[in-house]
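The primary structure of each chain is shown beneath.
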Amino acid sequence: MDHAAINRAKEHFGKLLEAQMKRMEKVKAAPDWIDYAKLSPLKIGILAGDGIGVYIAAQSKRVLEFLLKDEVKSGRVVINDIEGLTIENRAAHGCAIPADVLEEIKKYPVTLKGPTTTPRKGDPWPNIESCNVAVRKELDLFANVRPVRIPKQGIDWIFFRENTEDLYALGSNGIDVDADISIDFKLITGPGSDRICRLAFENAKKNGRKRVTCVTKANVVKTTDGRFLENFYRIAKEYPGIEADDWYIDIMTAKLVDEKRRRDFQVLVLPNLYGDILTDEAAEMQGGVGTAGSANIGKQYAMFEAIHGSAPRMVTEGRAQYADPCSMIRAAAMLLSHIGYTDIGKKLEMALDITGQYEKKMVITGRATGVTGETFTDYVMDWVKNPKLKDAWEGYVKG
Ligand code: IPM
Ligand code: MG
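All of the points below concern the structure found in this document. (Residues numbered from 1 in each chain as written. Chains lettered and ligands numbered in written order. Predicted model: local features only at pLDDT ≥ 70, side-chain atom pairs only at ≥ 80, totals over all residues. Heavy atoms only, no water.)

## Side note on a negative patch on the surface
Taken together, the side chains of Asp2, Asp176, Asp178 and Asp180 define an acidic patch exposed on the protein surface. Looking at the secondary structure, you find Asp176 in strand β6 (residues 175-176). What makes Asp176 exposed here is its relative accessible area of 57%. (Patch = residues over 30% accessible without salt bridge, like charges linked within 9 Å, V, L, I, M, F, W, Y side chains within 5 Å. Areas by Shrake-Rupley, 256 points an atom, 1.4 Å probe, with all protein chains shown as cover. Salt bridge = Lys/Arg side-chain N within 4 Å of Asp/Glu carboxyl O. Lys, Arg positive; Asp, Glu negative; His and termini not counted. Charge placed at Lys NZ, Arg CZ, Asp CG, Glu CD. Helix = DSSP H or I, 4+ residues; strand = E, 2+ residues; numbered from the N terminus. Buried < 20%, exposed > 50% of the residue type's maximum accessible area, 1.4 Å probe, protein only.)

Here's what the structure looks like:
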């Protein structure tokens, strides 16, 4: 037996635990929620990302600038580009987020981020950590909030995916113990589970939703998922008017495609990896991952993004201008609501529903067979400006 290998692994594990214990101290001592109403100016940063990110970020920035033009003019809101989160720059620095870029990001309590390329073993890029994952950790964006709505089918889900723990926390810190054995680590903490479950119940309470569903695999992954589930039910007791139940991830994946049952789900809360997978499935039902927005929420920072990747192939094949900007524009709508411009955010969502799910006068196919992202964005903005927007939306949903 290779005892040296075992000892190396123990030492490695010990260091990880030290870092995680330090993180827990920080989480417990973290300041409370930021109040956007008190910020002047309120600074919004745009991170274009790479691949199609550059193209769709430009479109969503255009939408934001249009919808916030009075606020920008009065100086209440500032919208700036933050450079440097490209794969080229990250690879050159050999890290997920170059230090100067991170420093800049931290000046913005709110950011809108385009997709960024995540390298994996065997890619031409160094196998650095995903910058999505790194940003979420650095800014402690513990909640990944992903709504999926198909009004016509009565589907109105909101997923609260825990965003800093689970297999992601140490996803780049696994070890090849010896020639045969590789190990990754799954980590769930009490404070981490509590804060995401609480946010899910708070959302239900605020929006009059009657049910919160927890999704785990606690029958098999007993310790970590077991803790998550236990904490979920403990938090649930603080919300007596809201029904709490739980499902395992496998059957939940099936139930989301069960037309009779799926509209009964309302708020769903789940550990990171299950949330990653289930939200892609849900987004596909709404019209594809290109249509779903995603909010990464922490107490001090919030970052809004598309739920899909950077599709570098679309760029090399020369069709990036046909990339669907809707996911990022939806993220922009979530951003607007989050910082207090709820009415504008709602309007933008209605315009996206009409253009993407109902009217479909223009279609994006990702190729020259459809319209460009820019043309589609103009179409969305025309609907936002249309005084009949709300009536039209209601007509479509009921009709
Ligand atoms: C997402 C993405 C990321 C994730 C990737 C790009 C690391 O799939 O935001 O869902 O797994 O979280
Ligand atoms: Mg994902």
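## With respect to the sheet that holds strand β9 (residues 243-248)
In a beta sheet, neighbouring strands pair by backbone hydrogen bonds and run either parallel or antiparallel. Strand order in the open sheet made by the ten strands is β2-β1-β3-β12-β11-β4-β5-β10-β8-β9, with mixed pairing throughout. Looking at the sheet topology across the chains shown, the edges are occupied by β2 (77-82) and β9. The mean angle between the axes of side-by-side strands here comes to 20°, regardless of whether they run parallel or antiparallel. In terms of strand pairing, strand β1 (residues 42-47) meets β2 through six bridges, oriented parallel. Note on β2: the bridge partner recorded for Leu42 is Val77. Across the sheet, helix α6 (residues 131-138) touches β3 (110-113), β4 (143-150), β5 (155-162), β11 (293-297) and β12 (302-306), and the angle it forms with β12 is around 160°. Strands β1, β3, β4, β11 and β12 of the sheet are contacted by helix α12 (residues 326-338), whose axis makes an angle of about 155° with β12. (Pairing = 2+ DSSP bridges. Axes fitted to C-alpha atoms, helices over the stretch in contact; angles between N-to-C directions. Contact = heavy atoms within 4.5 Å.)

## Observations concerning the site of ligand 1
Around ligand 1, a shell composed of Thr118, Ser130, Asn132, Arg136, Arg146, Arg161, Tyr168 and Asp276 is seen. One nitrogen or oxygen atom from the side chain of Arg136 is found 2.7 Å from an oxygen atom belonging to ligand 1. Burial of ligand 1 by the surrounding chains reaches 81%, relative to a free accessible area of 320 Å². When atoms are counted within 2 Å of each cavity's grid points, the one that captures over half of ligand 1 is the second largest pocket. (Near = heavy atom within 4 Å. Polar contact = N/O pair within 3.5 Å; in protein donor to acceptor, adjacent residues only side chain to side chain. 1 Å grid on protein atoms, 1.4 Å probe; cavity = no way out; pocket = protein on both sides within 12 Å on 5 of 7 lines; lining within 4 Å. Sits in = over half its atoms within 2 Å of the grid points.)

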